[in-house]
Amino acid sequence: MSNSKGATWSRWDPHIHSPASFENDYSVDTEESYDSIWEKYIDELSQIEKVSCLGITDYFCIDGYEKVRQAKDDGRLNNLDLVFPNIELRIDDVVVERGDKEGQSGSSRSIDLHILFSEELDPRTIRNNFLHRVDAHTPDGEKISLSKENIKRLGRKDGFEQFDERSGDDFQIGCERINVDRESVFKALNKEIFEGKYLVVLDDSVWDDIPWKTRSGTLRATLASKVDAFFSSNDKTRQFLIGEHNSNTPEEVISAFGSLKPCIHGSDAHDFSSLCNPDKDRYCWIKAEPTFEGLKQIKYEPKERVKVQSEDPQGHIPGYTPEKVEIRDGTVNDSLTVTDTDLPLNPNLVTVIGGKGAGKTTLLDLVAHCFDDRCLRDNDKRPDENSFIQRIESEEPEILTRLRFDGDDVEGFNKRLMDEEIIESAQVEYLPQGKISEYCRKKQKLHNQIIEVIKSSVRKSDRRLMERFNSQLDEIDKLEEKLHAKTRSLYEYDPETITERIQEARSEVKTTETKLEDKRNEINQYREAHKEDLKSDTATDFQKEIDTLEESIEDREQFKSDISEVVTKLEELVEVNERIERISKRADSYDFDVSVDIIQYEDSLHSLREIKGLVKEEIGNLEGKKRSVKSELEELEDAEEELSEMLTEKRDIKSDLEEKRGVLSNLENNREEIQRIKKERRKAFKEYVAEYVELKRIYGSVIHEFNEDRDSILHEVDFSPLVTPDSKLDEHIHDCLDGRKVNIPRIRKAISHLEEAINQDSPERENSVDAFLDEIEALREHLVSDIDERQFDETIYNTHLSLTEEIYFQDTKMDGLSLGQKGTVLLKILLAEGSMPLIIDQPEENLDNRFIYKTLKDTFREAKKQRQVIIATHNANLVVNTDAEQVIVADYNENEIQFTSGPLEDPKIRDEVTTLLEGGKKAFRYREQKYGMSK
C-alpha cells in the first residue's frame, strides 16, 4: 500500500460535454472534421492545470468518454488524476412550468438525470449492461433500448420531424426524439456489477421549478429520494437539501427524501471556451482522493466533503503545520527497528491506528519530539512510561526525524533522537497517553487556554468590553508592582532593628551628656585651683559665654528630644486607633452592646510639632552665637593654654553629642517613615483585593458575551468567573514559621478571611482583609531562624490572587466529573481555539464508545476545520465518524515498525479500520445512517 496524504480539497469538473454529445458547439478554424475537433479537444484537456478530475459527459451514450479514456491510457492526459463517464439522460417525467398568473399553465420541460460511473468499469460493461438495458420512449410510444443503432434508426425514421429542434446526423436527430423511462434506469443499475460504482445526480434547473403544492410536487419528492446528489450551484438549494435552510431541518430532509443530498457543479461545457470555466467562477471543490470512491464520500458527508465556490475551502494553513514526516536510521537494537518512512501528512484530521504495540505512539512521539524535548536526560522531568522515546533513550539510537512544513517560508527541521534542539518558534500542543488528569491539574495552564478561547471570540463581538478587561488587568499589574515597591522601600530603613538602634542611639546620647557634664566640672575645679595663675579673665569670660550658650542649647535639645519622644508615642496611636476601629466593627458584627471610643490626640500632636519647630529655630540662633564666641576664644595668645585645651575638649565632646543627637533624630524620623509605608502598603493590598473583585465582575460580563456566540465545540461546556488565593499560600506562610507553635489550620483560618473578602463589598471586604493581615502579622513572633522579617513580609504582602473560572460540563462542576469526562472537557477546550497543530495520544481514554459517538466525534469534526489534529486511537468512531481525512496504519512485524497511509474511502484502509478497531463495521454503518444512507 503506497502512502497517501488522504482526502484533500481539489477542483473537479464532473460535467463537461465531449464532441460526441449530440448537442455541442466544438469547432476548429480549419476545415472542420470530426477527427480534428477531437484532436483539439484532447489537446485542450491536456492543458488544464487547476482541475484534478473530469466527468466526461455524453447524452445517451459513452462514446466521448471512451475516446478520452483511451487518450489518458496513451499518456496524453497525465495532468489529470481522474476521468470518469457522466451519461446524461432526458427522462420521461415532463414538468409543466409555473404560469405567469395563478391557475395559468406554463410550458413543458423534461428533467435530466446524470449517471456518473466509476473509472473502474470498462466502457463496454456500461454500454452492454446499462445503456442496452435502459428503455427509451419514441414519439409514437414505442420502447427501444439505448443502443446507438436504435437511436440512429429512430433518427432516420420519417414522420417525427415536428419533434426535431435542430438538424444533424441520424444519431443527433434520434437523441432529439427520445425520452428515457425513469424506472428502467434504476432497474438497469440494480446489478451486482454496478454495486458501489455509480452515482445518480439530478439536474436541479428543472426540478427546482416544480411547485410543491401540485400533483407534480409528489414527483419532485420522488425524484429527490431516488438520486444520490444534485447538480446545482444555488446556495439556497444546497442549504435546503442538507437541512440548513430556514424552512427545514436535516431530519425533515431525511424523512422526505431518504437522505441528505450533496450538491455538485460543473461547467456544463459544450464548447472549448467553457471547458472548466463555470459561470461566476463557481468551481466544484471535493475533499477526497482523486478516485470515484473518493467522489462517493459526498453521500456520507454532504456538508463537509463538497463546496461550490471560487476559493479553495482549505484556506490558510499555519506555517508550522507538518506536511511530511520522514524517518531514517531507525535501528534501536537487534529486536526493534523503525522502517525508513516517508509519510505525507494531511492538514486536517490525521488518525493513527494499529494493534497494541504496533507503533502508534512511536510516530506521535517522534513528531512531538521536534517541538518539545521528550528525553528525560537525567533531569527533574517526570518520567512518562508510555513514551516511546523515553523507553529507548538508554540505547542512544541514531533515529533521524525530518519534518517538512506547509508554509513556503518555513524551513524543514531535522533531529536525531538524542539531539536537544527543538523548534522553539512553533506552538504545537502534545497530549501524551495517560496525561489528561495531569493536564487538568495544571489549573493555570488550563486557564490560559480557556481565556485565549474566550478573548479570541469576544474581541470580535465586543471590542470595548475586552479593552475594559485588559485595562483592569493592567491596573492589577500596577498594584502588584506597587506592593512589591512598598516592601522594597520599607526595608531600605531596616525596620527589623529600628527600635534597637533608637535605644542604642539614646544610650549613646546619655553617655555623651554625662561625659560633657564631667568635663564641665573638671574645668570649674581647675579654675578654682589656678585662679591666682590666670592673668586675664578674657578666655574665662569667653568660655563662660560659650558655656552659657551650650547650656541653653543643651537645655533646648533636651526639650526637643522630650517633645520628639512624646510625638513618636502619639503617632503610634494612629495604628492603635485603627485597631480600635476594627475591634469595634467586629464587636458590632457580633451584636455586642459595648462601644470603644478612639483616643483623641490630634490637637496635642499638632501643638507639640509646632513647639518643636520653634525650639529647633532657637537652637539654630544659639548655635550661631556660639560659633562667633568660639572664633574669638581661639585667637587668645595668653598663658591660659591649659585651660584653653580643656575648653577645646569640652567643645569636642559637645560636638560629638550634637552628632549623636542628629543620629537619634534621623532614626526617629525613619521610624515615622516606616509606619507611613506600612500604612500605605496595607492600603495598597486592600486596593489589590478590590481590583480583583472588579476584574471578576468584568470577566463575568466577558463570559456572558462569549456564551452568546460560542464555538459549537464548547456548547456543552460553561464557565463562571472565579478569583482564588494561591492554593499553596498556607504552605508558603507555614514554611516561614516554627511548626511546633503554629499549625496549618490556624493559618487557613486566617486565609479564610481573604477568601471571604473576594466575595464581599466594601466596607465588609476591607474588614475581612484587615482580619487576614492582623492574624497573619500576629504570627511574626514565631519566625524560624533562617527566615528574616523581610522574607515574611514578602510572603504576606504578595500577589496571592489569580483569576480563573469554574468549569461545568453538562451543568456538572469539573470536580464532579469522571476522569474520562474531564478529558472530554480538556479536549474541547484545547480544540476550540487556535490554528496550530494538536497531537493527542488516545483521546478516548476512560470514555465509553457511546459517549465518544455522542460527544467527542463532533468536537473533532469542528476542530479539524481550522487546524491540523493528529491522534492515535483504538476507537473506530474517532476515525470513521469524524470523517478523518487521513488514516495512518502502524504495524509491528518481525521486529520492525512500519507505517502506511490513505483516506477512509480507500478499500484497503477501510479493511484495516474494520479489522484493527473494535466496532469498525458498526462505525461505518453509523456514518451511513447519520444522513439516511443505507447503501
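Above this text is the structure in question.
Because the structure is a prediction, the values reported are computed rather than measured.

Counting its regular elements, the protein chain contains 29 helices and 27 strands. In summary, the protein chain has a C-alpha radius of gyration of 46 Å against a globular reference of 30 Å for 935 residues, an excess of more than 25%. A burial count over the protein chain gives 49% of its 935 residues as buried. Long-range contacts, defined here as pairs at least 24 residues apart, represent 74% of the contacts in the protein chain between residues at least 6 apart. Roughly 45400 Å² of accessible area belongs to the protein chain as shown, and the carbon and sulfur atoms make up 42% of that amount. Counting 137 positive and 204 negative side-chain charges, the protein chain places the averaged centre of each group 5 Å from the other.

Strands sit in the order E16-E13-E18-E19 across an open sheet of four strands; the sheet is antiparallel. Either end of the sheet is taken by a strand with one partner, and the two such strands are strand E16 (341-344) and strand E19 (413-416). Strand-to-strand, the axes of this sheet are offset by a mean angle of 15°, without reference to chain direction. The pairing of strand E13 (residues 322-328) with E16 spans four bridges and is antiparallel. Following the sheet pairing, Ile-327 is matched in E16 by Thr-341. Along the sheet, helix H12 (residues 360-368) makes contact with E13, E16 and strand E18 (400-405), crossing E13 at roughly 110°.

This paragraph deals with the layout of surface pockets. A volume near 1100 Å³ is recorded for the largest pocket. Taken together, 40 residues form the lining of the largest pocket, with Glu-575, Glu-578, Gln-675, Lys-678 and Lys-679 sitting closest to its centre. Of the residues forming the lining of the largest pocket, the biggest block, twelve residues, is contributed by helix H20 (residues 641-708).

Glancing now at the pattern of salt bridges. Any two side chains of opposite charge can pair, on the condition that their charged atoms come close. Scanning all chains against the criterion turns up 66 salt bridges. Asp-770 is paired through a salt bridge with Arg-582; the nearest N and O atoms lie 3.8 Å apart. Here Asp-770, found in helix H23 (residues 764-777), pairs with Arg-582, found in helix H18 (residues 538-589); they are 188 residues apart in sequence, far enough to count as distant. Residue classification places Arg-582 among the buried positions, given a relative accessible area of 12%. Of the charged contacts in the structure, one is a salt bridge between Glu-806 and Lys-813, with a shortest N-O distance of 3.8 Å. A cluster of three or more residues bridged by salt bridges with shared partners is formed by Asp-547, Glu-550, Lys-626, Lys-650 and Glu-658.

Position of Ile-476 among the secondary structure elements: in helix H16 (residues 463-490). Residue class for Ile-476 comes out buried when judged on its relative accessible area of 2%. For the pair Ile-476 and Thr-799, spaced 323 residues apart in sequence, the C-alpha separation works out to 9.5 Å. Look past the residues within four positions of Ile-476 in its chain and what remains in contact with it is Tyr-688, Glu-691, Tyr-692 and Leu-695.

Turning to the state of the cysteines, a few remarks are in order. Counted by the stated rule, this structure contains zero disulfides. No disulfide involves Cys-263; its sulfur sits 9.9 Å from the nearest other cysteine sulfur, which is in Cys-284. The exposure class of Cys-263 is buried, given its relative accessible area of 3%. A residue is classified by how much of its surface remains accessible, and Cys-284, at 1% relative accessible area, is buried.

Time to look at a positive patch on the surface. Side chains of Arg-850, Lys-921, Lys-922 and Arg-925 sit close together on the surface and give a patch of like positive charge. The element that contributes the greatest number of residues to the positive patch is helix H29 (residues 920-930), accounting for three residues. Along the chain, the position of Arg-850 falls in helix H26 (residues 849-863).

Before going further, it helps to spend a moment on H23. Compared with an ideal rise of 1.5 Å per residue, which puts 14 residues at 20 Å, H23 spans 20 Å between its outermost C-alpha atoms and is within 8% of the ideal. Residues of H23 that are buried include every one of Arg-765, Ser-768, Val-769, Asp-770, Ala-771, Phe-772, Leu-773, Asp-774 and Ile-776, and no others.

On the secondary structure map, Lys-287 appears in strand E11 (residues 283-288). Among the polar contacts made by the side chain of Lys-287, one reaches the side chain of Glu-885 at a distance of 2.8 Å. Those residues in contact with Lys-287 that lie beyond four places of it in its chain are Ala-7, Thr-8, Trp-9, Arg-305, Asn-348 and Glu-885.

On to the environment of Ser-701, then. Here Ser-701 is to be found in helix H20. Residue Ser-701 is classed as partly exposed on the basis of its relative accessible area, which comes to 30%.

Bringing the packing of aromatic side chains into the picture now. For the structure shown, the criterion picks out 22 aromatic pairs. When the centroid spacing of 6.5 Å and the interplanar angle of 20° are considered together, the rings of Phe-22 and Phe-60 count as stacked. Linking Phe-22 in the loop between strand E1 (8-17) and helix H1 (34-46) with Phe-60 in the loop between strand E2 (53-59) and helix H2 (63-73), this pair joins segments that are 38 residues apart in sequence. Judged by its relative accessible area of 4%, Phe-22 falls in the buried class. Judged by relative accessible area, which is 1%, Phe-60 ranks as buried. Look at Phe-84 and Phe-292: their rings are 6.1 Å apart centre to centre, the planes differ by 65°, and that puts the pair in the edge-to-face class. Here Phe-84, found in strand E3 (residues 82-98), pairs with Phe-292, found in helix H11 (residues 292-300); they are 208 residues apart in sequence, far enough to count as distant. Looking at Phe-84, the relative accessible area reads 0%, which means it is buried. Members of the aromatic cluster, joined through ring pairs, are Tyr-26, Tyr-34, Trp-38, Tyr-41 and Phe-272.

Before going further, it helps to spend a moment on unusual backbone geometry. Looking along the chain, the bond that leaves Ser-762 and enters Pro-763 is cis, with omega of 5°. Relative to the helices and strands, Pro-763 resides in the loop between helix H22 (744-758) and H23. The residue Gln-810 is not glycine, and still its phi comes out positive at about 50°. Within the secondary structure layout, Gln-810 lies in the loop between strand E22 (801-809) and strand E23 (812-813). Of the residues examined, Gln-810 reaches a relative accessible area of 36% and is grouped as partly exposed. At Glu-894, a residue that is not glycine, the phi angle is positive and equals roughly 50°. You can see Glu-894 is positioned in the loop between strand E26 (886-893) and strand E27 (896-902).

The next thing to look at is a negative patch on the surface. Among the surface-exposed residues, Glu-396, Glu-398, Asp-419, Glu-420, Glu-421 and Glu-424 lie close enough to one another that they form a single negatively charged patch. Relative to the elements of secondary structure, Glu-398 occurs in the loop between helix H13 (388-392) and E18.

Topologically, Arg-765 is positioned in helix H23. Although Arg-765 is buried, it forms no salt bridge, and the closest oppositely charged side chain is Asp-761 at an N-O distance of 4.7 Å. Setting aside its immediate chain neighbours within four residues, Arg-765 contacts Val-689, Ala-690, Val-693, Ala-757 and Gln-760.

Parameters and conventions
Residues numbered from 1 in each chain as written. Predicted model: local features only at pLDDT ≥ 70, side-chain atom pairs only at ≥ 80, totals over all residues. Heavy atoms only, no water. Helix = DSSP H or I, 4+ residues; strand = E, 2+ residues; numbered from the N terminus. Rg over C-alpha atoms; globule rule 2.2 N^0.38 Å. Buried < 20%, exposed > 50% of the residue type's maximum accessible area, 1.4 Å probe, protein only. Contact = heavy atoms within 4.5 Å. Areas by Shrake-Rupley, 256 points an atom, 1.4 Å probe, with all protein chains shown as cover. Lys, Arg positive; Asp, Glu negative; His and termini not counted. Charge placed at Lys NZ, Arg CZ, Asp CG, Glu CD. Pairing = 2+ DSSP bridges. Axes fitted to C-alpha atoms, helices over the stretch in contact; angles between N-to-C directions. 1 Å grid on protein atoms, 1.4 Å probe; cavity = no way out; pocket = protein on both sides within 12 Å on 5 of 7 lines; lining within 4 Å. Points joined across faces, edges and corners; volume = space filled by probe spheres on them. Salt bridge = Lys/Arg side-chain N within 4 Å of Asp/Glu carboxyl O. Disulfide = S-S within 2.5 Å. Patch = residues over 30% accessible without salt bridge, like charges linked within 9 Å, V, L, I, M, F, W, Y side chains within 5 Å. Expected span 1.5 Å × (residues − 1). Polar contact = N/O pair within 3.5 Å; in protein donor to acceptor, adjacent residues only side chain to side chain. Phe/Tyr/Trp six-rings, centres within 6.5 Å; stacked < 30°, edge-to-face > 60°.

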